[in-house]
Amino acid sequence: MDRKEKVWIALFVVAVLLIIGAKYLPYFPGDVTVARFVQWIVPASTGWAQGISSTAKFPWNLVLLALTFALSWKLSGWRGALLALASFAGMWVLGMWLGPLVARPRPSVDLVHVAEKLFGYSFPSIFGLTYSSTIGFLAVLSARKASGPLRLGVVLICCILLLIGLAARVALGAHWPSDVLLSYLMGLLWADLVIRFS
């Protein structure tokens, strides 16, 4: 077993332990403080955050998937493109299954600003799973298959988009920071696993 596999397994174990923790804790230590800080630092108007959040909802999530498919084909051929579909499908199924199983409540208006009352669960963040299975997938695929400035550019742009997505969901009070970050971790681990088949 090489070092990369050991790191992947260690991160997988951390993710599983945090998922178990999410089942029993309404939020993790630091979530309230980080959420309040994000809400303080971003623009007071939440229109920008709602716009970003909508990109992970139907039908825009399919546009995001189509762009990921096309860019993956460009980076790694038809196998990369098919794996982009597998990345998205795997995280969609996991999100639908894991949400009711963990049943973590959404952030409380007593603790942070909540822009609108949302139904469903806080964890996993379907937004986070969608972004990590598309944008995160592109970052991992680029890190594995591209080289030089292209690799750096794609990975950097993807990381910036993931951070903006995190800020948007936290600014709306739709998720705790840990919900989105753990969803990102799950999606990136899945992306790294499926890319091994390219």
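Above this text sits the structure in question.
Residues numbered from 1 in each chain as written. Predicted model: local features only at pLDDT ≥ 70, side-chain atom pairs only at ≥ 80, totals over all residues. Heavy atoms only, no water.

**Brief notes about the overall build of the protein chain**
- Looking only at helices and strands, the protein chain features seven helices and zero strands.
- The secondary structure elements of the protein chain, listed N-terminal to C-terminal, are α-α-α-α-α-α-α.
- Taking 198 residues into account, the globule formula puts the C-alpha radius of gyration at 16 Å, and the protein chain, at 17 Å, falls close to it.
- Relative to its full complement of 198 residues, the protein chain shows a buried share of 43%.
- Pairs at least 24 residues apart make up 79% of the contacts formed inside the protein chain by residues separated by at least 6 positions.
- A total of about 10600 Å² of accessible surface is found on the protein chain, and carbon and sulfur atoms cover 74% of it.
- Across the protein chain, the 16 positively charged side chains and the 7 negatively charged ones have centroids separated by 7 Å. (Helix = DSSP H or I, 4+ residues; strand = E, 2+ residues; numbered from the N terminus. Rg over C-alpha atoms; globule rule 2.2 N^0.38 Å. Buried < 20%, exposed > 50% of the residue type's maximum accessible area, 1.4 Å probe, protein only. Contact = heavy atoms within 4.5 Å. Areas by Shrake-Rupley, 256 points an atom, 1.4 Å probe, with all protein chains shown as cover. Lys, Arg positive; Asp, Glu negative; His and termini not counted. Charge placed at Lys NZ, Arg CZ, Asp CG, Glu CD.)

**Observations concerning unusual backbone geometry**
- In this structure, the amide linkage connecting Phe58 to the following residue, Pro59, adopts the cis form with an omega of 5°.
- Tracing the sequence through the fold places Pro59 in the loop between α3 (47-54) and α4 (60-102).
- Cis geometry is found at the peptide bond from Phe123 to Pro124, where omega equals -5°.
- Within the fold, Pro124 resides in the loop between α4 and α5 (126-145).
- Backbone geometry at Ala103 places phi at a positive 55°, although glycine is not the residue there.
- Relative to the helices and strands, Ala103 is located in the loop between α4 and α5.

**Looking at a nonpolar patch on the surface**
- A cluster of nonpolar residues, Met1, Ile9, Phe12, Val13, Val16, Leu17, Ile20, Tyr24 and Leu25, forms a patch on the protein surface that exposes about 890 Å² of accessible area.
- By the element assignment, Tyr24 lies in helix α1 (residues 3-24).
- Residue Tyr24 is classed as exposed on the basis of its relative accessible area, which comes to 63%. (Patch = residues over 30% accessible without salt bridge, like charges linked within 9 Å, V, L, I, M, F, W, Y side chains within 5 Å. Salt bridge = Lys/Arg side-chain N within 4 Å of Asp/Glu carboxyl O.)

**Digging into the pattern of salt bridges**
- Applying the stated criterion across every chain, the model contains three salt bridges.
- A salt bridge links Arg144 to Asp192, with the shortest nitrogen-to-oxygen separation between them at 2.6 Å. Placement of Arg144 in helix α5 and of Asp192 in helix α7 (residues 177-195) is noted, with a sequence separation of 48 residues between them.
- Asp192 is paired through a salt bridge with Arg196; the nearest N and O atoms lie 3.0 Å apart.
- Salt bridges sharing common partners tie together Arg144, Asp192 and Arg196.

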